[in-house]
Amino acid sequence: MTEAPRLTADWFDGRSARARPVEVWLDGAALHFGDHSAPLAGLTWPERQRHGQRQILLPGGGLLSFPDAAAFDAWARASGRGDSVVVRWQQSWRLSLLSLVLLVAGLAAAYLWGLPWAVDRAVDVLPRSTERALGEHLLQGMDGDWLKPSRLSAEQQRAWQLRWSGVLARAKAQGGPVVPEHHEIHFRDGGKALGPNAFALPGGDIVITDALLDLLADEPDAVMTVLGHELGHVQHRHGLRLMLRAGAVSVVASVIVGDFSTLLSAAPAMLAGNAYSRDGEREADLYGRTLARAGGVDTSRMAVFFRRLAEKRQASVDNNPVAIAISTHPADDERVKFFSEP
Amino acid sequence: MLDIDAAAPAAAPQPLPAAPRVLEIRFTGSGSEYFRIWAVNLLLILVTLGLYLPFAKARRIRYFYANTLVDGQALSFHGDPWKMFRGFVLLAVLMGTYSGAGRFSPAAAIVAFMILCAVWPALWRASLQFRLGNTSWRGLRMGFEGSLKEAYLACVPMYLPLLAFVAWSRLAAPHASGDPAGDRAAFAAYGATSLFAMGILAMLSPLSFALFKRYQHNGYRIAGQQGRIDLSIGRVYLLGFKLVGVAVVSMVIVMLAAVLVAGGGVFLFGRGAEADSLWARVAFLAVGLVVYLLVFSIVMPFGAARMQNLAWNATRSDALQFQSRLSFRKLFGLTLLNWTLTGLTLGLYRPFAAVATARLRLETVAIECSEDPADWVAEENAGHADATGDIAGDFFGIDMGL
């Protein structure tokens, strides 16, 4: 029988801080150190690394300390202790770089296929009432920050509401698309920050800004088409999808980027929102056009809307060097054609 | 790296000199090695859909501990990743419920916030108990002795205004009523009082910070050595005011520099028609971002360096006296380098940055010791975390990071 390889270690018993030099060797299922021994199953072995000290943690709080890491690694190998798969990957540049590549590939796959799938399932499961509570909460938050009460008089607001319900009634009579059970138009002053704008929140709250109604005061058909488009977002529950996606992406990003910067971890979430919303915009355009046409609206008036919007954007860019309009909407020309085609 | 490799084994077996001596702290971790550990950990976290997180954390702590040599002896981490897993699930559920509730209804958000406030000091204490109770040096477990009551008391100056503000803002938040003039006035009043409440919180934050540090440092223990901190609240306030001053001055300087650069650009390239182009605006935004990051890279290291020195230089025990000489200039240079390289490499530099920061912050601390630590003996009742009687911290393995 060959002698088991031995190594000297500093033994700390967990009670006294004095190091006791001992000889350490492996024998079957036990680790012997000096006059003592411990079953291998109860030990915590150190992982092989190039730097740092090696310590074997003993059950009951003591430990064996090996200041010479290289000698420990040689002894462990000679004693028949192999490295775990994780350690082998960690110690190899090739395998650790491969794991980064796999990580990126995995993230890309999760983003392209896993995320939309998971979001769709989550949207199916979440009840409409939850979505509505979420939307109301969002609107409340925005009312504090970006939105001010509308400058429109009560009669003006009522007139727009009447016109909209007229379109919906006609569309229903004409067999137009299904309208979501709950939705509500809110008039708000979005100030300079939002400009002429309309957006749908999860749960059916649709906000339309004074600036948009000013811009299209003489083009009610365009306003109705815009509202139809927003109703499309409500019907397809785009707001909820967007929030779930952005939430999931920011969680993953914060795990990877960690505490480094909220700026960095917010960026992927924002990009995700943008990339996804293009398909959503087309879906909402189609819904809005179908609904508005069924309600007797001339959707080709959207051309006027896009032209005025472009003029206004140009003017604001000329006046303000910081304003860069990064639109999430598909190119204007394409959409003008879409709303005008028979 | 070679000198460290050679020095590490040589340092340990030296015969210990006479009792009053300085325990040097050295950090021998390597960025390139931690990079590989980090890469494999990330892959495992992804493959397990996040469940590997506590195991990755335990491995990270073990690596950093094995490379933190105090007087030639490394720290060891005894935490059981499976226990950390329980704590991880508890924290994940808690934080998930909290952030979820906030999105769905204001009432649920208040309840969730109150619950979080109510349990946070207990979690904080539990995490300190877990981390220290599972850290040992020379086989001696450290410990955390801060009581639950003190944890809550330390949070009072932060909680009282915060709770008042949250309750008030939830109840008094204006809703559009339809009357434009009245609504505008309500919004304006709401904005002003929010600002006022934030101001009060900011004024109280140095006090809170001092109380947090006092609670932590008074609770640290190893063998018979119980930490004592003599941290005056006035000095923390002084640091707070200096921090504001540094922020203002650096903002002015950095912005002046940016204006000079921009002016130089206009002077060199002229201000033709293309100056209004998209590229000019992108450049403007980029300069703004650089200004923002530069100011942060000055203010954050300043606060971190001064606070580390302030807190640790005021900390001692019967036999130990801590000395921290972290220089702001070095930490600033390192932070700037770390941020730049992390940004340029899309985050790949992060593990290198973590190792470099740990090295700088640890190696500037020295411990004067009037006894020979080898004579120390663990206290009878202070054995191991699972024997301290407080199950919660150890059962859930809560580790929020120190």
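All values reported here derive from a predicted model rather than from experimental measurement.

Rules and cut-offs
- Residues numbered from 1 in each chain as written.
- Chains lettered and ligands numbered in written order.
- Predicted model: local features only at pLDDT ≥ 70, side-chain atom pairs only at ≥ 80, totals over all residues.
- Heavy atoms only, no water.
- Pairing = 2+ DSSP bridges.
- Helix = DSSP H or I, 4+ residues; strand = E, 2+ residues; numbered from the N terminus.
- Core = buried A, V, L, I, M, F, W, Y, C linked by side-chain atoms within 4.5 Å.
- Buried < 20%, exposed > 50% of the residue type's maximum accessible area, 1.4 Å probe, protein only.
- Contact = heavy atoms within 4.5 Å.
- pLDDT = per-residue confidence, 0-100.
- Axes fitted to C-alpha atoms, helices over the stretch in contact; angles between N-to-C directions.
- Parallel < 35°, antiparallel > 145°, perpendicular 65-115°, else oblique.
- Left-handed = near helix turned anticlockwise from the far one by under 90°.
- Nonpolar A, V, L, I, M, F, W, Y, C, P; charged D, E, K, R; others polar.
- Disulfide = S-S within 2.5 Å.
- Patch = residues over 30% accessible without salt bridge, like charges linked within 9 Å, V, L, I, M, F, W, Y side chains within 5 Å.
- Areas by Shrake-Rupley, 256 points an atom, 1.4 Å probe, with all protein chains shown as cover.
- Salt bridge = Lys/Arg side-chain N within 4 Å of Asp/Glu carboxyl O.
- Phe/Tyr/Trp six-rings, centres within 6.5 Å; stacked < 30°, edge-to-face > 60°.
- Lys NZ or Arg CZ within 6 Å of the ring centre and 35° of its normal.

Enquirer: An account of the sheet that holds strand β8 (residues 184-189) of chain A is requested, with residue identities and associated values reported.
Expert: All names here are of chain A. Spatial strand order, β7-β8-β10-β9: four strands in an open sheet with mixed pairing. At either end of the open sheet lies a strand with only one pairing partner, and these are β7 (148-149) and β9 (198-200). Sheet topology places β8 next to strand β10 (residues 205-209); five bridges connect them, and they run parallel. When the bridges of β10 are listed, His 186 appears paired with Val 207.

Enquirer: So what about the nonpolar core? Which residues, and what values?
Expert: Counting 33 residues, the largest nonpolar core has Trp164(A), Ile208(A), Val223(A), Met224(A), Leu227(A) and Phe305(A) as the members making the most contacts within it. When residues of this core are traced back to their parent elements, those giving at least two are α5 (154-173), β8, β9, β10, α7 (210-215), α8 (220-235), α10 (262-294) and α11 (302-319) of chain A. By residue number, the principal contributor to this core is α8(A), which donates seven residues. Aside from chain neighbours lying at most four places away, what touches Val223(A) is Trp160(A), Ile208(A), Leu213(A) and Leu216(A). Among the nonpolar cores identified, the runner-up in size contains 32 residues, and Met84(B), Phe144(B), Val365(B) and Ala378(B) belong to it.

Enquirer: Break down the confidence of the model for chain B for me, citing the residues and quoting the values.
Expert: All names here are of chain B. Residues with a pLDDT of 70 or more make up 79% of chain B, whose mean pLDDT is 80. In the model, residues 382-397 has pLDDT below 50 throughout and makes 30 contacts with residues more than four positions away in sequence or in other chains. At the level of chain-chain contacts, confidence expressed as ipTM amounts to 0.76, with global pTM at 0.75.

Enquirer: Tell me about the packing of α5(A) against α8(A), and please be specific about residues and values.
Expert: Residues and elements named next belong to chain A. Two elements in contact, α5 and α8, have axes separated by 11 Å at closest approach and are oriented at 65°. Between α5 and α8, the crossing angle belongs to the class labelled roughly perpendicular. α5 and α8 meet at a crossing whose hand is right-handed. Between α5 and α8, the residues in contact are Trp 160, Arg 163, Trp 164, Val 167 and Leu 168 and Pro 220, Val 223, Met 224, Leu 227, Gly 228 and Leu 231, respectively. Residues of the contact of α5 with α8, tallied by class, amount to nine nonpolar, one polar and one charged.

Enquirer: Lay out the state of the cysteines with the relevant residues and their values.
Expert: Residue and element names in this part refer to chain B. Evaluated as defined, the whole model comprises zero disulfides over all chains. Take Cys 117: it sits in no disulfide, and the sulfur closest to it among the cysteines is that of Cys 155, at 8.7 Å. Owing to a relative accessible area of 9%, Cys 117 belongs among the buried residues under this scheme.

Enquirer: Explain a nonpolar patch on the surface to me, using residue names and the numbers behind them.
Expert: Residues and elements named next belong to chain B. Where nonpolar side chains cluster on the molecular surface, the patch consists of Leu 289, Tyr 292, Leu 293, Phe 296 and Met 300 and spans about 450 Å² of accessible area. By secondary structure assignment, the location of Leu 293 is in helix α9 (residues 278-313). For Leu 293, a relative accessible area of 33% puts it in the partly exposed group.

Enquirer: Outline the packing of helix α3 (residues 93-125) of chain A against helix α2 (residues 31-47) of chain B, supporting the account with residue identities and numerical values.
Expert: Interaxial distance between α3(A) and α2(B) falls to 9 Å at its minimum, and their mutual angle equals 40°. The two elements α3(A) and α2(B) meet at a crossing, and its hand is left-handed. In contact with Trp93(A), Ser96(A), Leu97(A), Ser99(A), Leu100(A), Leu102(A), Leu103(A), Gly106(A) and Leu107(A) of α3(A), α2(B) contributes Ser32(B), Phe35(B), Arg36(B), Trp38(B), Ala39(B), Val40(B), Leu42(B), Leu43(B) and Leu46(B).

Enquirer: A description of the pairing of strand β10 (residues 320-324) of chain B should follow, citing residues and the corresponding values.
Expert: All names here are of chain B. β10 sits mainly inside the fold: four of its five residues count as buried. Of the pairings in the sheet, the one linking β10 to strand β11 (residues 365-369) comprises five bridges and is antiparallel in character. Its bridge partner lying in β11, Gln 323 is registered against Ala 366.

Enquirer: Explain the packing of aromatic side chains to me, and be specific about the residues and the numbers.
Expert: Given two aromatic rings, one states the distance between the centres and the angle between the planes to describe the pair. A full pass over the atoms with the stated rule returns 34 aromatic pairs over all chains. Between Phe27(B) and Phe64(B) the ring centres are 5.6 Å apart and the planes differ by 25°, which places this aromatic pair in the stacked class. Within this pair, whereas Phe27(B) is found in strand β1 (residues 21-27), its partner Phe64(B) is found in helix α3 (residues 53-66), the two being separated by 37 residues in sequence. Phe27(B) sits in the buried class, given a relative accessible area of 1%. Owing to a relative accessible area of 16%, Phe64(B) belongs among the buried residues under this scheme. Ring centres of Trp120(B) and Trp124(B) lie 5.4 Å apart, and the angle between their planes is 20°; on these two criteria the pair is classed as stacked. Here Trp120(B) pairs with Trp124(B), and both are found in helix α5 (residues 106-133), just four residues apart, close to one helical turn. Taken together, the ring pairs connect Trp120(B), Trp124(B), Phe144(B), Phe212(B), Tyr215(B), Tyr220(B), Trp312(B) and Phe322(B) into an aromatic cluster. Directly above the ring of Trp45(A) sits Arg81(A), whose terminal nitrogen or CZ lies 4.1 Å from the centroid. Above the plane of the ring of Trp137(B) lies Arg138(B), whose end atom (NZ or CZ) is 5.6 Å from the centre.

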